[in-house]
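Descriptive structure summary
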Amino acid sequence: RAIARSRARMCHDQIALDVPPSSVVTASDKFWFDTNGFLILRNAFDKSAIRAMNAAIDARIDDPTIERKGNLRLTKRGGPLSGDGTTGRKDVAGFLGWPRGEREAFRDVLTHERLVPYLHEFCGRGYRLDHNPLCIAQDPGAEGFEFHGGSATEDGRWNWPLAYAVEQGQIRCNLLAVAVPLTDVKEGEGGFVIVRGSHKSRFPAPAAVKRYEDGPEHGYAPALNAGDAVLFSEATTHGTLAWKGKSQRRTLIYRFSPATNAYGRGYSPEWPENWTDGMTPAQLATLQPPYHPRLDRDAVADDGINVIKPAARETFKVEFDEKIFKSKYF
């Protein structure tokens, strides 16, 4: 027992990974997320933030080079997701580095007070931004996007980069998406669609399912209001329906990972300087590269404003590492 206690004191994993029980994330939230693979937070963002983001995108959305045409299209020609067959999806990115006065609302998503408790619950303390965030826009008639994601690869193997797991009551998503609609989506108009519970499937989605040709009744396309937030595991099969609305649809997509995980590599060798310039310490904490929380990793506090500083590593250990590895960290 004495040896066990000594070893426990030598291991910092428990205190570094500990996340106190949330008073925000309810038992119902966890049940529905685990059951369905997604969760909708209604009215997560206020109208002023949505107006600011839309205004910044308005200045860039008419660039003809951002529309997916020809080989960049995302659907099978003549399929149920192809829309009018001509209008492509529009992609806008880089907004974390846009000029002061435009970028702030987009940066706030990284540590938004409504999101942080769920990011802690589903990714753990020390969560990090994994992908370059993206705004997806669909004009009337625009194509959708064939179903993707899923817990199994096309050849049926475990899709570990997107893995979803629950162990000892703790949820972990290796890649968690947060979608923020900037425009309203009415029932039947199209847009985001997801297959409930598919994050637990052990079989890959057949091609006809991905193209929405087989089993369309299993696709759930929720009605959404601008300012809602949809959190979903990337292991949950999802896609986009062709857009039938009368005005342009816009949605932001952010993807987050646990502290030690990475799918994208936009952080390497470092995020663009215009992204980090003027960011708050909490926002900067989400842009750290992947490494264990015990290795002096700053973490976003539960309030989304402050930063939790890790306990300093013992000096004698740091000095030894520098002697052996010629670096402060192993």
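Being a predicted model, the structure only gives us computed values, none of them experimental.

With that settled, the discussion passes to the state of the cysteines. Considering all chains together, one arrives at zero disulfides under this definition. Of the cysteine sulfurs around C123, a residue in no disulfide, the closest is that of C173, at 5.8 Å.

This part covers the nonpolar core. Counting 53 residues, the largest nonpolar core has F106, L115, L129, L252, Y254 and F256 as its most contacted members. The next biggest cluster of nonpolar side chains, apart from the first, holds 14 residues, and it includes I40, V185, V230 and I253.

Let's shift gears to the sheet that holds strand β5 (residues 145-148). On the basis of which strands lie adjacent, the open sheet formed by four strands has the order β5-β12-β9-β10 and antiparallel pairing. Where the open sheet ends on each side, the last strands, each with one partner, are β5 and β10 (219-220). Where strand β9 (residues 191-195) meets strand β12 (residues 238-241), four bridges bridge the pair, whose relative direction is antiparallel. Opposite F192, over in β12, you have T240 as the bridge partner.

Turning next to the pattern of salt bridges. Scanning all chains against the criterion turns up 19 salt bridges. For D58, the salt bridge goes to R250, with nearest N and O atoms at 2.8 Å. Of this pair, D58 sits in helix α4 (residues 47-58) while R250 sits in strand β13 (residues 249-257), and the two are 192 residues apart along the sequence. Given the relative accessible area of 43%, D58 is considered partly exposed. Two residues, K69 and E67, come together in a salt bridge whose shortest N-O distance is 3.3 Å. Bridged by salt links that share partners, the residues R68, R89 and D91 form one connected network.

Let's shift gears to the side chain of Q248. With respect to the element layout, Q248 can be found in the loop between β12 and β13. Within the local environment of Q248, its side chain forms a polar contact with the side chain of D139, the two groups lying 2.7 Å apart. Dropping the residues within four chain positions of it, Q248 is found in contact with I61, K90, A137, Q138, D139, P140, T183 and W243.

Another point: the pairing of β9. In terms of residue burial, β9 counts as a mostly covered element, since five of its five residues are buried. Direction of pairing for β9 relative to β10: antiparallel, over a ladder of two bridges. For V195, the partnering residue across the bridge sits in β10 and is G219.

It is worth spelling out the side chain of H199 at this point. Considering the arrangement of structural elements, one finds H199 in the loop between β9 and α7 (207-210). Exposure remark for H199: the relative accessible area of 2% places this residue in the buried category. Separated by 2.8 Å, the side chain of H199 and the backbone oxygen of D34 make a polar contact. In this structure, H199 is in contact with F33, D34, T35, N36, G37, S151, Y164, A235 and T236, ignoring residues within four places of it in sequence.

What follows is about the packing of aromatic side chains. Two numbers describe a pair of aromatic rings. These are the distance of the centres and the angle of the planes. Tallied over the entire structure, the rule returns 14 aromatic pairs. Ring geometry for F33 versus F122: centroids 4.0 Å apart, planes at 10°, classification stacked. Of this pair, F33 sits in helix α3 (residues 27-36) while F122 is found in helix α6 (residues 116-123), placing the two residues 89 residues apart along the sequence. You'll find F33 and F122 in the same group, each marked buried. Aromatic side chains Y254 and F256 sit 6.4 Å apart centroid to centroid with 10° between the ring planes, which places their arrangement in the stacked category. F256 carries the same exposure label as Y254, and that label is buried. Each residue in the set F95, W98, F106, Y127, Y254 and F256 is aromatic and connected to the rest through ring pairs, giving one cluster. One cation-aromatic arrangement involves R128 over Y267; the distance from NZ or CZ to the ring centre is 5.0 Å. For the cation-ring pair, R297 lies above Y291, with the distance from its terminal atom to the ring centre recorded as 4.7 Å.

A rise of 1.5 Å per residue sets the reference length of α4, with its 12 residues, at 16 Å; its end C-alpha atoms lie 16 Å apart and thus fit the reference within 8%. Every buried residue belonging to α4 is among A49, I50, M53, N54, A56 and I57, and all of these are buried. Around the axis of α4, the buried residues are gathered within 160° of arc, so they sit on the same side. Within α4, the exposed residues directed more than 90 degrees away from the buried face are K47 and R51.

Calculation notes
- Residues numbered from 1 in each chain as written.
- Predicted model: local features only at pLDDT ≥ 70, side-chain atom pairs only at ≥ 80, totals over all residues.
- Heavy atoms only, no water.
- Disulfide = S-S within 2.5 Å.
- Core = buried A, V, L, I, M, F, W, Y, C linked by side-chain atoms within 4.5 Å.
- Buried < 20%, exposed > 50% of the residue type's maximum accessible area, 1.4 Å probe, protein only.
- Pairing = 2+ DSSP bridges.
- Helix = DSSP H or I, 4+ residues; strand = E, 2+ residues; numbered from the N terminus.
- Salt bridge = Lys/Arg side-chain N within 4 Å of Asp/Glu carboxyl O.
- Polar contact = N/O pair within 3.5 Å; in protein donor to acceptor, adjacent residues only side chain to side chain.
- Contact = heavy atoms within 4.5 Å.
- Phe/Tyr/Trp six-rings, centres within 6.5 Å; stacked < 30°, edge-to-face > 60°.
- Lys NZ or Arg CZ within 6 Å of the ring centre and 35° of its normal.
- Expected span 1.5 Å × (residues − 1).
- Arc of directions from axis to C-beta.

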